[in-house]
Amino acid sequence: MARKKIGLIGAGNIGGELANLAVAKQLGDVVLFDIPSKEAFAKGKALDLEQATAVNGADASVVGSSNWADLAGADVLIITAGIPRKPGQSRDDLVGINLPIIRDVAGKAKQHCPDAFVIVISNPLDAMVYEYKRVVGAPRSKVVGMAGVLDSSRFTLFLARELGLSIKDVRTMVLGGHGDDMVPLLTYCTVDGVPITQLCPKDKLDAIVARTRTGGGEIVKLMGTSAYYAPAAAAIAMAGAYLHDEKRMLPCAVYLEGEYGYRDLYMGVPAVIGAGGVEEVVEVELTDAEQEMLAKSAASVQKVVDIVKAS
Ligand SMILES: NC(=O)c1ccc[n+]([C@@H]2O[C@H](COP(=O)([O-])OP(=O)(O)OC[C@H]3O[C@@H](n4cnc5c(N)ncnc54)[C@H](O)[C@@H]3O)[C@@H](O)[C@H]2O)c1
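Note that the coordinates shown come from a computational prediction; the quantities given were computed from them, not determined experimentally. (Residues numbered from 1 in each chain as written. Predicted model: local features only at pLDDT ≥ 70, side-chain atom pairs only at ≥ 80, totals over all residues. Heavy atoms only, no water.)

1. Some thoughts on the pairing of strand β2 (residues 29-33)
Note the cut-off: Here's how the labels work: a residue is buried when its accessible area is under 20% of the maximum for its type, exposed when over 50%, partly exposed in between, all with a 1.4 Å probe on protein chains only. The way it works is that DSSP assigns letters per residue, a run of H or I at least four long becomes a helix, a run of E at least two long becomes a strand, and they are numbered from the N terminus. Two strands qualify as a pair provided DSSP detects at least 2 bridges between them. By definition, the crossover connecting two strands over a helix is right-handed if that path, from the first strand to the second, turns clockwise as seen with the strands pointing away from the viewer.
Buried residues dominate β2, accounting for 5 of its 5 residues. In terms of strand pairing, strand β1 (residues 5-9) meets β2 through 5 bridges, oriented parallel. From the neighbouring strand, Ile6 faces β2, where its bridge partner is Val30. With helix α1 (residues 13-24) bridging β1 and the parallel β2, this β-α-β connection has right-handed handedness. Sheet topology places β2 next to strand β3 (residues 62-65); 4 bridges connect them, and they run parallel. Bridged to Phe33 within β3 is Ser65. Each parallel crossover has a hand, and the one from β2 via helix α2 (residues 39-56) to β3 is right-handed.

Have a look at this one:
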């Protein structure tokens, strides 16, 4: 059977780490794509990564390109094209600059790789994935946004460190839009099945929820640019779930068609990812307080989508 083809649109910080992980996990051959003025950079990064395969013994090719024809037949596309945040910026501040980029990418992807399963990462995430789907006109099963896996990974880490327990046993779920009013669901956070509220005092939990919500900004402040290791790991988990038909239930930005009371909006909800792409949106029970937080988060997403629709 031929190896799968993974197209990475954007060869910057996340793109490079995506390529590294895709090869390390042997998900398939990689095309690392960027704009023509960055083609040499993409080619150099690809060559560097390929040389690492000679040390690590991974059988996969990595090709740098600025030619969409090289992406023909891609099984998965992961989109990081765009500009990341700088200190003091919100994700929503990026809409003006990243909107034309996502439109350009979606138009080209529609033409060259219409059958790919697409994971959008570019910010502001929920609005960019909305626009991507609108331009390509693909079913929601084929176009998903990455945010919830990353936000949940931050929540999981902070809880595990607070409790002094292994990260392996802490399970968390963060829903809603990928903004500072995302919705960490305490009801569904457990340590190997034991509700988190039995193990962690409320004041500590509140502080961890607050830190999770601003977890991206904390890193931007430290590095002067966005996180990239954890975002790449999160998207690769989603790509692996699709390519290996794992049927994982992961929090993803999914186009809602009435679920949770929302329609014509991308927002983070638990979704089953398998060979069919987004195979199911799972509706979990929410408390009144959680529903209120989700409504606030949805309103924030809608505001940015309205800007996109008006542009
Ligand atoms: N969804 C999330 O959870 C999450 C997390 C972190 C970062 N992000 C976002 O991901 C995006 C990428 O972040 P990064 O750190 O990799 O940025 P980066 O600047 O390192 O890389 C982005 C790359 O996209 C390229 N690009 C621009 N226009 C393009 C086009 N039309 N076609 C192809 N490539 C194009 C740029 O040349 C650049 O190399 C940002 O918008 C950032 O805010 C999202």
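2. As for the sheet that holds strand β11 (residues 194-195)
Spatial ordering of the open sheet is given by β7-β10-β11, a layout of 3 strands whose pairing is antiparallel. Only two strands of the sheet have a single neighbouring strand rather than two, namely β7 (170-171) and β11. For strand β10 (residues 190-191) and β11, the ladder comprises 2 bridges, and the chain directions are antiparallel. Along β11, the bridge assignment pairs Thr190 with Pro195.

3. Focus: the site of the ligand
Under the convention used in this document: Note on definitions. A residue lies near a molecule or strand when any single heavy atom of the residue is within 4 Å of it. Side-chain atoms alone can form a polar contact between residues adjacent in sequence; in general such a contact is a pair of N or O atoms within 3.5 Å, and within protein one must be able to donate a hydrogen while the other accepts it. Exposure was quantified through the Shrake-Rupley algorithm and a 1.4 Å probe, taking into account, for residues, occlusion by the shown protein chains and nothing else. The definitions used throughout rest on a 1 Å grid laid over the protein atoms alone, on which a cavity is an enclosed set of points accommodating a 1.4 Å probe that cannot get out and a pocket is an open set flanked by protein within 12 Å on both sides along at least five of seven lines; lining residues are those having an atom within 4 Å of a point. If over half the atoms of a molecule are within 2 Å of the grid points of a cavity or pocket, the molecule is regarded as sitting in it. Each residue is assigned to one class: nonpolar for Ala, Val, Leu, Ile, Met, Phe, Trp, Tyr, Cys and Pro, charged for Asp, Glu, Lys and Arg, and polar for all the others, Gly among them.
Surveying the vicinity of the ligand reveals 29 residues, the closest of which are Asn13, Ile14, Asp34, Ile83 and Met146. Within the side chain of Asp34, an N or O atom sits 2.6 Å from an oxygen atom of the ligand. One of the backbone nitrogen or oxygen atoms of Gly82 is found 3.4 Å away from an oxygen atom of the ligand. In the complex, 92% of the free accessible area of the ligand, which totals 860 Å², lies under the protein chains. A majority-of-atoms criterion places the ligand in the largest pocket. When residues of the shell around the ligand are traced back to their parent elements, those giving at least two are α1 and α3 (95-112). The element that contributes the greatest number of residues to the shell around the ligand is α3, accounting for 4 residues. A per-class count over the shell around the ligand returns 16 nonpolar, 10 polar and 3 charged.

4. Regarding the pattern of salt bridges
How we decide: When a carboxyl oxygen of Asp or Glu lies within 4 Å of a side-chain nitrogen of Lys or Arg, that pair is called a salt bridge.
Enumeration over the complete set of coordinates arrives at 15 salt bridges. For Asp104, the salt bridge is made with Lys108, and the minimal N-O distance between the two is 2.8 Å. Placement of the pair is Asp104 and Lys108 together in helix α3, with a separation of 4 residues, close to one helical turn. For Asp104, a relative accessible area of 39% gives the class partly exposed. Glu257 is the partner of Arg140 in a salt bridge, and the nearest nitrogen-oxygen pair spans 3.6 Å. With Arg140 in the loop between α4 (125-136) and β6 (143-145) and Glu257 in strand β12 (residues 248-257), this pair connects stretches of sequence that are 117 residues apart. Looking at Glu257, the relative accessible area reads 42%, which means it is partly exposed.

5. A few points about empty space enclosed by the protein
For the record, the criterion: Grid points are joined across faces, edges and corners, and a volume is the space filled by probe spheres set on the points.
Tallied over the entire structure, the rule returns 1 cavity of 30 Å³ or more. For the largest cavity, the calculated volume is near 40 Å³. Taken together, Leu125, Asp126, Ala147, Gly148, Asp151, Val174, Leu175, Gly176, Gly177, Cys252, Ala253 and Gly268 make up the lining of the largest cavity. When residues of the lining of the largest cavity are traced back to their parent elements, those giving at least two are α4, α5 (148-163), β8 (174-175) and β12. Per-class residue counts for the lining of the largest cavity are 6 nonpolar, 4 polar and 2 charged.

6. Quick look at helix α6 (residues 202-213)
Applicable threshold: By definition here, a helix of n residues has an expected span of 1.5 Å times n minus one. The directions from the helix axis to the C-beta atoms are what the arc is built from.
Between its first and last C-alpha atoms α6 spans 17 Å; for 12 residues at 1.5 Å apiece the expected length is 16 Å, and the two agree. Among the residues of α6, those classed as buried are Leu205, Ile208, Val209, Thr212 and Arg213. Down the axis of α6, the smallest arc covering the buried residues is 135 degrees, so these residues share one side.

7. A short note on the packing of aromatic side chains
Where we set the bar: Any two of the Phe, Tyr and Trp rings considered here, Trp counted by its six-membered ring, make a pair once their centres fall within 6.5 Å; the pair's planes then place it as stacked at under 30 degrees, edge-to-face at over 60, or tilted in between.
Counting across every chain of the model gives 5 aromatic pairs. Plain terms: the ring middles of Tyr228 and Tyr229 are 4.9 Å apart, the flat faces sit at 40 degrees to each other, and that makes the pair tilted. Overall, Tyr229 belongs to the exposed group, its relative accessible area being 55%. With 5.6 Å between their ring centres and 55 degrees between their planes, Tyr255 and Tyr266 make a pair best called tilted.

8. Details of the pairing of β1
Summarising burial for β1: 4 of the 5 residues are buried, a large majority. Here 4 bridges tie β1 to strand β4 (residues 76-79), and the two strands are oriented parallel to one another. Paired with Ile9 across the two strands is Ile79, which belongs to β4.

Honestly, that's just the spatial picture; any functional story needs more than this.
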